[in-house]
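If you want the building blocks of each chain, they are given just below.
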Amino acid sequence: GAAAAWTFAELVRPAPATARPAVALLPATLAAALDPAYVALVLIAAIRYWRSPQRRGRWAIAIPAVGAVLVGLAALALRAEAGAFATLGRAWTGAARAHASAGDLLAGTGDALGPLAALAALAGSALAATRGRAVALSLAALAGGAIATSLRAGCVEPSVFVLAGLAAGVAIAHLAALVRNPAGQACLGATVGFLLLVTPAWTLSAAMR
C-alpha cells in the first residue's frame, strides 16, 4: 500500500523537465509484485517514462511493453478458475479464489469504511478526477485493480482501503485549504483525518482478533 501511494504521488505531482520519471517505476514494480491490484500502475509509470525526454535509447519502448504483459497476466490470473493461471492468481494474491457479487462488496466496503470515510472518499475521487489526466488514470487504475482483486477474493481487499485513503486525503486537503491560517489548516486536517480513520481502524482491528 505504501509503495502504491508513493507511485500515485509521483505520477500525479507536477514534475519539472529535469525530473526522472523512472523514479515511479521502482515503487510501482514493488507494489505490483506484492499485489496484482497495483499492476496497472506499472503500465502508467512505464508509459510516462517512455514519453519523457529523459529516456535513453530505443529500448525504452520495451518498458511499457513489459507493463502491458504484466497487466495481461494479472487479468488472466484473477479470472482463471483452474489451471496454471489460477495457480498464479492464488500465489500472487495469497488467497484461494472465492466469489462475491458487486453489491455484497459495495455493502462490505461501506460497512468497513463507515459513512464519513466513504463520503470523503467519494468526494475526493470526484475532486481528483478533475485535476488532470494523470490523476484520473491513476485513480482508475487503482479502482480497477481493487475491484478485480476483491471480486476474486470474495471480500474487501486491502487495496480498497489504500484507494479510499488516497481519495479521502484529497478531500481533507481541499477542506483544510478553506482555512487561511497554516496552523489552522494543519489542525483541521489532522482532526478530520483522525475522525475518518477511527471506523476503518476499529473494523480492521476487530477482524484481526
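Residues numbered from 1 in each chain as written. Predicted model: local features only at pLDDT ≥ 70, side-chain atom pairs only at ≥ 80, totals over all residues. Heavy atoms only, no water.

## Digging into the overall build of the protein
Secondary structure assignment for the protein yields nine helices and zero strands. When the elements of the protein are put in sequence order from the N terminus, they spell out α-α-α-α-α-α-α-α-α. For the protein, the C-alpha radius of gyration of 18 Å lies close to 17 Å, the compact-globule estimate for 209 residues. In terms of overall dimensions, the protein has a C-alpha envelope of 50 × 45 × 25 Å along the principal axes. Here the protein, with 209 residues, has 35% of them falling under the buried criterion. By sequence separation, contacts in the protein at least 24 residues apart represent 65% of the contacts at least 6 residues apart. Carbon and sulfur atoms make up 71% of the accessible area of the protein, which totals about 11700 Å². In the protein, the 15 positive side-chain charges and the 6 negative ones have mean positions that sit 18 Å from each other. (Helix = DSSP H or I, 4+ residues; strand = E, 2+ residues; numbered from the N terminus. Rg over C-alpha atoms; globule rule 2.2 N^0.38 Å. Buried < 20%, exposed > 50% of the residue type's maximum accessible area, 1.4 Å probe, protein only. Contact = heavy atoms within 4.5 Å. Areas by Shrake-Rupley, 256 points an atom, 1.4 Å probe, with all protein chains shown as cover. Lys, Arg positive; Asp, Glu negative; His and termini not counted. Charge placed at Lys NZ, Arg CZ, Asp CG, Glu CD.)

## Let's talk about the nonpolar core
Nonpolar side chains tend to gather and get buried jointly when the protein is soluble and globular. Ranked by size, the top nonpolar core spans 29 residues in total, and within it F8, L11, Y38, L41, L139 and L142 carry the most contacts. Residue assignment for this core shows that the elements contributing at least two residues are helix 1 (2-12), helix 2 (25-34), helix 3 (39-51), helix 4 (62-79), helix 7 (133-153) and helix 8 (158-176). The biggest single contributor to this core is helix 3, with seven residues. With residues up to four places along the chain from it excluded, the contact list for L41 reads A4, T7, L11, A28, S138, A141 and L142. One finds L113, A120, F161 and V192 within the second-largest nonpolar core, a separate group that totals twelve residues. (Core = buried A, V, L, I, M, F, W, Y, C linked by side-chain atoms within 4.5 Å.)

## Thoughts on the side chain of S138
The topology assignment puts S138 in helix 7. In this structure S138 touches F8, L11, V12, L41 and I44, once residues within four positions along its chain are discounted.

## Topic: the environment of A168
Within the element layout of this structure, A168 appears in helix 8. Relative accessible area serves as the criterion here: at 10%, A168 is assigned to the buried category. Excluding residues within four positions of it along the chain, A168 makes contact with A120, A121 and L196.

## Thoughts on the side chain of D35
Following the sequence through the fold, D35 ends up in the loop between helix 2 and helix 3. An unpaired buried charge is present at D35: no salt bridge exists, and R152, the closest side chain of opposite charge, is 9.2 Å distant. When residues no more than four places from it in sequence are discounted, the contact partners of D35 are W92, T149 and S159. (Salt bridge = Lys/Arg side-chain N within 4 Å of Asp/Glu carboxyl O.)

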